[in-house]
Structure formats: structure tokens, C-alpha cells
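Summary of structural features
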Amino acid sequence: MSNVTLTIDGRSVTVPAGTTIMQAADKIGIHIPRLCYHPQLSIEGACRVCVVEVEGQRNLVASCAFPVAEGMVVRTATPEIRQIRRDIVELILDNHPMDCQTCERDGNCELQRLAYAVGVRERLYEGERKSYKPDTSSPSLIRDPEKCILCHRCVRLCREIQHVGVLGYYGRGFNTVVMPAYDAPFQETLCATCGQCINVCPTAAFLEKPHTDRVLDALADPEKHVVVQVAPSVRAAIGEGFGMPLGVAQTGRMVAALRLLGFDKVFDTQFSADLTIMEEASELVQRIKGGGPLPLITSCSPGWVKFCEHFFPDFLDNLSTCKSPMSMHSAIVKTYYAQKMGLDPKKIYSVAVMCCTAKKFEAERPELGTPEYPYTDAVITTRELIWMIKSAGINFKELKEEDFDHPLGESSGAGTIFGATGGVMEAALRTGIWMLTGSNPSDVEITPVRGLDGIKTMETEVKGLKLRCAVAHGLGNAYKLMQAVRSGEMKLDFIEIMGCPGGCVGGGGQPYAGYDAVPLDPEILRLRAEALYNEDRGKPKRFAHENPDVQQLYREFLGHPLSEKSHELLHTFYYRRVPPGIG
């Protein structure tokens, strides 16, 4: 590809032909303000905040969409451009609620930051504002159209990255609104509840449905025994909420903070990730030996499971019947743990801290509880936990590290890597090989399933059995992979699918991107995953079947993997899910 040399604000830069002015400016450290632009989405050119002057062009051009040309001369910050940008932002603010101080995104809002950057110091315009009621029908998400600035990032992400396409824009001019078709409540759509719309929204037009109040109420109730479990990816990202370096797990400080918040027991979802592997690896071996349909497909990601129920119901029998680690853990808490501690399960309040908004949906699936009570009472995201810690006045950075409680707090390195794409596959293969051969694999780290490629494949042979595996992360990649399996193009035995880009480390409930960061930046996802891989390398035990707490659970309560008791508590079923009004 040929190169092009141009001048931006008096500085020369050479870039490949086809590069946009914005990209060329970024290369030499000139930041052109932007709002609708996202590097992983198609170009929209909707907000016009990024307009620049190109010598010879009659009008200002949107730098996010305008390609460079040889000899081009660009000016990005003339007095006229600065005034126009300020006018644009002032007009956006005129049609935006005046509730920054009480808004969830206060202090971490791209519109707020942009208004500061372009110099908006007062609201100059007054007039009619759009007026919509928030949609709170989903168990996972809240959609607030009043805070929407029509950047259309959510629409593009839902279509292009996740291939769900729930959102669209309707109406014209002042009456344009982003919403599901026919303004249907989210609960009645194909929404996978993945929460990626929250991650890319520059304002608070999308938020997770909060569970913090109910958790705080439970903590204040002396009649309740409140326990908490924490997903692997939470420890990989929670430090970001306190200005700590990316890529460093904050496990011990997180445990200490949860104890200070008042939880009676602090358990680790990595324990039940090991438990999941014992059941799922056994299921894989059973199916390989003729005990069920192949490929076996993982079922840890509730966003993927709901997506499968909507779009690939012909593969529901291929889904592992294993519950997710969260749901397994909650079931064990209100049975085994309750018995062991002499507690009434109705008085146990089970909280899960997850990276994932879809876990809120999962917790409400009736088949994952009992007719009398749910196994999981509340799910809070990493963001919600960060807020709770700050609200309690806890100085997270200064906390001394503490360990999880037992008997549901021990985990192997295999449980740790669940939070990264490929981690479930790798953990299952570590133990599956042991189940088939009687010895641990010599290569603990199965690197072909690691990394941020959208779809990864590998083959391995165990005792003459050839195992064909594939890993996909993000629902768009899941769609491509499953279409290939459906058509017969790919023949596979074992598939791992995670609903979010990067796996759980990129979940819809993870911390908002920082001031200079881009939502869903692959480098952020890579660093979070590396934090988990480093924790795995530091564990004395790296195989799920070596976890002593899991071994004790089977000895005292479950018997063995795939036992009748295991099936009763640790396994589930799925069904074709058709929203109302869709045949």
C-alpha cells in the first residue's frame, strides 16, 4: 500500500493511503475531539464534533471519515473550528438532562469530559427537550433515552460486534430515538443482556440494573447470613476503579474490602470454576465415549446461552448441562454449606460479584433456584462493587491483603483463567486429559486457545482420540463459528464460547474506560487476561482435580462428578426462547 504525506497543524506526517485525518492526527499526538467515533466500529460521522478544515475544501469535514491525500493541509483548532465545536456540544447539552451530580456516569462521562475540553462553561440555549421514560423491564439493563446523544455506538456494536441487532434508530430530526423495534420493552426482545452497549455508551443512556441497595439492606439485617462470591475477572479489573495499574490482580485487597463491607463469608467463584471443570470435563469424556451429542459447547456465559436459545435452538442439546460457576456456587452455599454450618438456607443471602450484566438475568432464571427461594439473591458488577467500597470510605489502595474463607474459597490456577477467553477450554483440557490418561499433561499452559483472535482452533490427540476444539469470544464471532458448524464446514468436538469480547475480562459490568482509554481497547483486555495468567502461574495447584476443597465436597456431599446429587444441584436445562410477537 502506498504512503501519503500531509501536514496537520504545521506538522508533517506520513501514513498509509486510506488513513483518515483523525487517525493521522492521532499518530503525531494531535487529539481531535470526538464523540460518535469508536475504532472498532464502522464510521458514523453523526456528531460532527471532529470537524476540521482542509485547505481547498469548501466546507469543514468530519475527520473520522475523511481520508488523507498527498499534500493535504489540515487545520484542527482554528478559532472558527473551536467555536463550531463548542456550539455543537452546547446544542447537545441543551437536549440533555441537567442531572450530572446525580447521574451514574458523573465524573466518568465522555460528554462531560468533552464539554470541559471544548470550553463549555454555561448553558446558552433553552427550548423543548426530548422526554422519554426509562425502560427498566430487563433484569440486567436500564435504557434511558433521555440521556441518549444519538452517537449510535450502541446500535453499531449490537449489530457489528455482537450480531444481535436489537437496537435501531427511529424517527427523524428532533424526534430521532434509539430503541428496539416497535419500542418493545427490552425484556421482550432478542437482547442477550451482555451489557456491551453500556461499555461503549459515552453517557448513561445504558446502565446495569443496580442491586447495591438490596445488598446493603441485607448487610444491615442481623437476621441474614450474607455471603459473597467473586468471579475471576473482577480481581483482574477492580484496581482500575481506584487508579491502580492495569494488568495487576488485586485479589487480597478485594477480599479485605468485602470483609470491611460486612459480608459474613467471602468465597471465591474460582472454587466453583474448578467444580465446573470436574463436571464439564467428565461430561466431555462421557460424550466422546458416545454418551451424548458432539460438539459439547460450554455454558458458562449466560449471554451466550440466551443468544443460543434465540438463534441456535437446534444446538441446545449440545450445550453442556453444567450450570455456570456462579450458579453452582450459589447452589452449594444453600445446601452443602448451609448443612455444614447449621444454617437455614432461607436466612442465607447469597451475593455474587460478577464482571457480567447477564449474570443478573441468569440469577432470575427460575430453573436455577428452588420453588421456595433463589440460589443467587443478588448480583453486583465490578463497577457496583467499586462504588460500594468508595461509598463506605474504604481506602482500597492501603488495605492489607487477606485470604478467602473456606470451605468454598480454595481454587486452582485452572479456576483463575476462566475469566479470559479460552480459559474454560484450557482448564477443561487440563483435567480431561488427566481423566483419560490418569496423569496430568506435561504442558500445563495450552497456548493455542489463548489470545484475542475472534475464533481460535486446535487439535490434540489423547490416547488415540483426536479432539478438535474451537474457541470464540463475542457473540458476532460465536455466530460465525456456529454457522460454520451448522453448515458442516467445521467438524468439532469441543467448543468454548464467551459472550463478551475478550471473555469475562471484557464483561459488560467491568470498569468504565479511563480518561485517555477507549472502551473495549484490546490492550486493556490483554492486560486483564495477563493478570489472570500470572495468578495461575503463581498457584501451587494448577489443575481443578487437585483442589482439596473440591475433593472434600465430593467426599462429603456430592459423591462423584455426574452423580445424581451433582445432576440435581449443578446441572440444568435450556429451552428455545421466542420473544412475544415473534413466531
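Rules of the game
Residues numbered from 1 in each chain as written. Predicted model: local features only at pLDDT ≥ 70, side-chain atom pairs only at ≥ 80, totals over all residues. Heavy atoms only, no water. Phe/Tyr/Trp six-rings, centres within 6.5 Å; stacked < 30°, edge-to-face > 60°. Helix = DSSP H or I, 4+ residues; strand = E, 2+ residues; numbered from the N terminus. Buried < 20%, exposed > 50% of the residue type's maximum accessible area, 1.4 Å probe, protein only. Lys NZ or Arg CZ within 6 Å of the ring centre and 35° of its normal. Pairing = 2+ DSSP bridges. Contact = heavy atoms within 4.5 Å. Axes fitted to C-alpha atoms, helices over the stretch in contact; angles between N-to-C directions. Right-handed = clockwise from strand over helix to strand, strands pointing away. Patch = residues over 30% accessible without salt bridge, like charges linked within 9 Å, V, L, I, M, F, W, Y side chains within 5 Å. Areas by Shrake-Rupley, 256 points an atom, 1.4 Å probe, with all protein chains shown as cover. Salt bridge = Lys/Arg side-chain N within 4 Å of Asp/Glu carboxyl O.

Regarding the packing of aromatic side chains
Applying the stated criterion across every chain yields a total of ten aromatic pairs. Summarising the aromatic geometry, the rings of Tyr 336 and Phe 557 are spaced 5.4 Å apart at their centres and angled 45 degrees between planes, so their arrangement reads as tilted. Placement of the pair is Tyr 336 in helix H11 (residues 325-341) and Phe 557 in helix H18 (residues 548-558), with a sequence separation of 221 residues. The pair formed by Tyr 336 and Phe 557 is uniform in burial state, with each residue classed as buried. Taken together, the ring pairs in this structure connect Trp 304, Phe 307, Phe 311, Phe 312, Phe 315 and Tyr 479 into an aromatic cluster. A cation sits over an aromatic face here: Arg 105 above Tyr 512, 3.8 Å from the ring centre. Its end group placed over the ring of Phe 242, Lys 390 keeps NZ or CZ at 5.5 Å from the ring centre.

A few points about the sheet that holds strand S12 (residues 296-297)
Backbone-to-backbone hydrogen bonds pair the strands of a sheet. The strands run either parallel or antiparallel. Strand order in the open sheet formed by four strands is S12-S17-S16-S15, and the pairing between neighbours is mixed. On the outer flanks of this sheet lie S12 and strand S15 (455-462), each paired with one strand and no other. Pairing of S15 with strand S16 (residues 465-473) involves eight bridges; the strand directions are antiparallel. If you follow Lys 456 over to S16, its bridge partner there is Val 471. Docked against the sheet, helix H15 (residues 423-437) engages S15, S16 and strand S17 (494-498), running at close to 155 degrees with respect to S17.

Looking at the pairing of S17
With five of five residues buried, S17 lies mostly within the body of the structure. Residues Phe 494, Glu 496 and Met 498 point to one face of S17 and Ile 495 and Ile 497 to the other, with burial holding for every one of them. In terms of strand pairing, S12 meets S17 through two bridges, oriented parallel. The residue bridging Ile 297 from the neighbouring strand is Ile 495, located in S17. The sheet contact formed by S16 and S17 spans five bridges and is parallel. The residue bridging Val 471 from the neighbouring strand is Glu 496, located in S17. Tracing the backbone out of S16, into helix H16 (residues 475-487) and back to the parallel element S17 gives a crossover that is right-handed.

Concerning a nonpolar patch on the surface
A cluster of nonpolar side chains, contributed by Leu 91, Leu 124 and Tyr 125, occupies part of the molecular surface with about 280 Å² of accessible area. One can find Leu 124 in the loop between helix H3 (110-118) and strand S6 (141-143). Residue Leu 124 is classed as partly exposed on the basis of its relative accessible area, which comes to 48%.

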